[in-house]
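Descriptive structure summary
Each chain, letter by letter, is given below.
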Amino acid sequence: MEFLGHKEVHQDQSGILRETNNSNKRYMFLVGINYMLLFVGSISSSLLSKFYFNHKGDSRWVSTCVQSAGFPLLLLPIYLPFYVFKSTHRKPFTRFTPKILLISILIGLLLGLNNLLFSWGNSYLPVSTNSLVLSSQLVFTLITSVIIVKQKITYANLNCVILLTLSSVLLALGSSHDRPKGLTRTKYFIGFFSTIGAGLLFSLYLPLMEKIYKNVYCYSMVVEMQMVMELAATVLATLGMIIDGGFSAIKKEGKNVFDLGEQAYWLTVVFNVVTWQFCFMGTAGMVFLTSSLTGGVCMTALMAVNVLGGVIVYGDNFGGFKVVSTLLCVWGFSSYLYGLHMKIEDEEQKNKDSTEIDEQRFVL
Ligand SMILES: Nc1nc2[nH]cnc2c(=O)[nH]1
């Protein structure tokens, strides 16, 4: 049986379409898996990126490529269920039309550009400035999702977006203001506009994906599209790297610059590649299963968890700003989840009422 979008309905003997408890469980299971991917991917990629920078790694091309180069890993969830576990009847890439292929490639190129801008911003700006600029991302996402997918603005949405944005502003204020070495005015502006561009592109990417997924037949197809997108993003990053001479810079960095040696360097890179795949697959899955805004909220809420990760693993300081930021984040995220829960209960009640009316009509 294939999981088809947000809800799965079955026809009972009386011909009435019913959403089964079973499908609800499968849906919650998939949401859980995707959130875990996002959670594990986001925390571990953030810790590993910090590890890479702490040990003198600073290649913008490495930071760009690791975000997408793990796309072959997605072949496992694409092919294993059909050929090995035999848990689905759908052959991989069935109904993958040329139009879907083209859309996936175009969105992949957009994602590749976002990855590049994101890495440039990270490498040129002080952490605090970069995070401050990125904190506008969720507000942008709310606006773009209202325009692109007609997301309704509710009290719960707005309250959560404001609280999480405040939380990330405070996080930014509480993080390092140290300027990267050799930061000139020009580089500062390049970094600043790169981060603004990355924030805008990502806010465009999330609702665009939600709109495209509305015509996508099942979750497996989301994974297939994700693989094509990551492949396109990797091609873009590789071309940029070849033009900029980044390949030899990476080899040199592994041999001479990274202070833990070449083996540790490549291990760090490989783990980073894997964790970024988790992160992006988790995000895509959350957008498919819920909405672009919920995906954006889940990602932003993890920023505070990433900071806590830094405190636990690297002994970063945990000052006043970070404490208040974490509290705001917990408040914003839990009130959003509560709002979602109430909405789902409301819809279930409405469904139940309308089914009862249908049944009465059937009997009469
Ligand atoms: N623009 C942008 N790109 C990302 N890539 C991974 N995380 C992010 C993010 O939060 N914003």
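Residues numbered from 1 in each chain as written. Predicted model: local features only at pLDDT ≥ 70, side-chain atom pairs only at ≥ 80, totals over all residues. Heavy atoms only, no water.

**Some words on the overall build of the chain**
Per the secondary structure count, the chain includes 13 helices and two strands. In terms of overall dimensions, the chain is globule-like: its C-alpha atoms have a radius of gyration of 22 Å, near the 21 Å expected for 364 residues. Here the C-alpha coordinates of the chain stretch approximately 80 × 45 × 35 Å along the principal axes. Here the chain, with 364 residues, has 47% of them falling under the buried criterion. In the chain, the share of contacts with a sequence separation of at least 24, taken over all contacts with a separation of at least 6, comes to 82%. With an accessible surface of roughly 18,900 Å², the chain has 68% of that area assigned to carbon and sulfur atoms. (Helix = DSSP H or I, 4+ residues; strand = E, 2+ residues; numbered from the N terminus. Rg over C-alpha atoms; globule rule 2.2 N^0.38 Å. Buried < 20%, exposed > 50% of the residue type's maximum accessible area, 1.4 Å probe, protein only. Contact = heavy atoms within 4.5 Å. Areas by Shrake-Rupley, 256 points an atom, 1.4 Å probe, with all protein chains shown as cover.)

**Things to note about the nonpolar core**
Ranked by internal contacts, the top residues of the largest apolar core, which has 68 residues, are Y205, M209, Y213, M225 and V297. The biggest single contributor to this core is helix α11 (residues 262-289), with 12 residues. The residues contacting Y205, other than those within four sequence positions of it, are I107, L110, L111, Q226 and M229. (Core = buried A, V, L, I, M, F, W, Y, C linked by side-chain atoms within 4.5 Å.)

**Observations concerning a nonpolar patch on the surface**
Where nonpolar side chains cluster on the molecular surface, the patch consists of L101, L102, I105, L106, L109, L113 and L236 and spans about 550 Å² of accessible area. Of the residues forming the nonpolar patch, the biggest block, six residues, is contributed by helix α4 (residues 98-124). In this structure, L106 sits in helix α4. Given the relative accessible area of 51%, L106 is considered exposed. (Patch = residues over 30% accessible without salt bridge, like charges linked within 9 Å, V, L, I, M, F, W, Y side chains within 5 Å. Salt bridge = Lys/Arg side-chain N within 4 Å of Asp/Glu carboxyl O.)

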